[in-house]
Amino acid sequence: MSKKLIVVVGTGPGIGYHVAKKFGDNHFRVVLISRSQAALIQYVEELKSQDIEAYAVVADVTSSKSVEAAFKKIKEEYGPVDVLVYNAALIEGGNPTSLLPETLLEHYEVDVVGALRCALQVIPDQEERKSGTILFTGGGLALHPSASHAALSISKAGLRSLALTFAEELKPKGIFVGTVTVAGAVRPDTHFAPDLIAEKYWELYLKREEQEIVYR
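All chains use their own residue numbering, which begins from 1 and follows the written sequence. Totals for whole chains, interfaces and linings use all residues, but because this is a predicted model, local features are given only for residues with pLDDT of at least 70 and pairs of side-chain atoms are given and counted only at 80 or more. Hydrogens and waters are ignored; side-chain quantities use all the structure's heavy atoms.

This next bit is on unusual backbone geometry. For Asp-51, which is not glycine, the phi dihedral falls at a positive 65 degrees. A positive phi angle, near 60 degrees, is found at Asp-189, a position not held by glycine. Helix numbers and strand numbers start at the N terminus; a helix is a DSSP run of H or I with at least 4 residues, a strand a run of E with at least 2. Mapping Asp-189 onto the fold places it in the loop between β6 (175-182) and α6 (194-207).

Here the focus is the sheet that holds strand β5 (residues 132-139). Two strands are counted as paired when DSSP detects at least two bridges linking them. Overall, parallel pairing links the 7 strands, which are arranged β3-β2-β1-β4-β5-β6-β7 in an open sheet. In the strand order of this sheet, the two ends are held by β3 (54-58) and β7 (212-215), each with one partner. When the angles between neighbouring strand axes are averaged without regard to direction, this sheet yields 15 degrees. Looking at chain direction, strand β4 (residues 83-86) and β5 are connected through 4 bridges and run parallel. The residue of β5 that forms the bridge with Tyr-86 is Phe-136. The strands that helix α3 (residues 64-78) touches are β1 (5-9), β2 (29-34), β3 and β4; relative to β3, the one it contacts most, it runs at about 150 degrees. By the convention used here, residues are in contact when the closest approach between their heavy atoms is within 4.5 Å. Every axis in this analysis is a line fitted to C-alpha atoms, fitted for helices over the stretch in contact. Angles between the N-to-C directions lie between 0 and 180 degrees. Against the sheet, α6 makes contact with β4, β5, β6 and β7, and its axis sits at roughly 155 degrees relative to β6, the strand it touches most.

Now for the pattern of salt bridges. Basic side-chain nitrogens of Lys or Arg form a salt bridge, by our definition, when they fall within 4 Å of a carboxyl oxygen of Asp or Glu. Across all of its chains, the model carries 12 salt bridges by this definition. Through salt bridges that share partners, Glu-127, Glu-169 and Lys-173 make up one connected network.

For each residue, the accessible area found with a 1.4 Å probe, counting protein chains only, is set against the maximum for its type, and the residue is called buried under 20%, exposed over 50%, and partly exposed in between. Counting buried residues in helix α1 (residues 15-25) gives 8 out of 11 residues, a clear majority hidden from the surface. Buried within α1 we find Ile-15, Gly-16, Tyr-17, His-18, Val-19, Ala-20, Phe-23 and Gly-24.

Let us look at the layout of surface pockets. Throughout, the protein atoms alone are placed on a 1 Å grid, and a set of points is a cavity if a 1.4 Å probe fits but cannot get out or a pocket if it is open with protein on both sides within 12 Å along at least five of seven lines; lining residues have an atom within 4 Å of a point. Grid points are joined across faces, edges and corners, and a volume is the space filled by probe spheres set on the points. In this model, the largest pocket occupies a volume close to 870 Å³. In this structure, the largest pocket is lined by 35 residues; those nearest its centre are Asn-87, Ala-88, Ala-89, Leu-90 and Ile-91. Elements that contribute at least two residues to the lining of the largest pocket include exactly α1, β2, β5 and α5 (150-170). Considering each element in turn, the lining of the largest pocket owes the most residues, 3 residues, to β5. Polar here means any residue outside two lists: the nonpolar Ala, Val, Leu, Ile, Met, Phe, Trp, Tyr, Cys and Pro, and the charged Asp, Glu, Lys and Arg; Gly therefore counts as polar. Looking at the lining of the largest pocket, its residues break down into 17 nonpolar, 14 polar and 4 charged.

Here it is in C-alpha cells:
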C-alpha cells in the first residue's frame, strides 16, 4: 500500500518543517509549499537525508491561480492529499490606530483567505473518499487579542472561526478539521519548541476527537 500524502503550506524552519518531519517519520510522503524555491530545496534535502520522501512546490497563497496550479501539480504527480496543514501567516506587530486598512487586508489575505483557498483544493477529493484531515496553525491572539499585534489578533481569530466552522460542516462527510492554537512565541529549546508543538498536530490527526488544542 502506498504511503499517505501530507501537504504543508507555509513551510519555514519552525512549525512547518517540524510538522512535515513528524509526519514523514511516520511514513508519510511530504510536499512542502512556500513562496521561496531556495528555502524549499533546503528543507526537502534535509528531510530526504532523514529517509523522508519529500517534494517542493512553489506557490503564493494570495493568488488563486497560483494555489490552483500548485494543487493541480500535486494531484497529478503525487496523488490525492490525505492531510493538509496550513501554516502560512504574516507575523507583524502594530497597534490598531496605526493599522492601515490595506495592511489588514494583506494579513487577512495570507492568514485566512489563503487557508480557505488551500482547503477548497483538497476538500472535493476528500469528500469523494469520505476521508481526510485538514489542520490549521492558530495563535493564542485569537483567544486573547493584543493591541500591539492588532492585525495578527484579528486574522488569527478569523482563522480559528474558519477552522471550527469547517470542522462542523465536514465531520459528517468523514473529514476531520482541527487547529493547534499556539499561545506563545515559538522558540527552539523551550516549551514552545517547534518539534514539541508538531507533536500536537500528530495527536489531532491520530485521535480525531477535539477540534482545537490550545498549546500553552
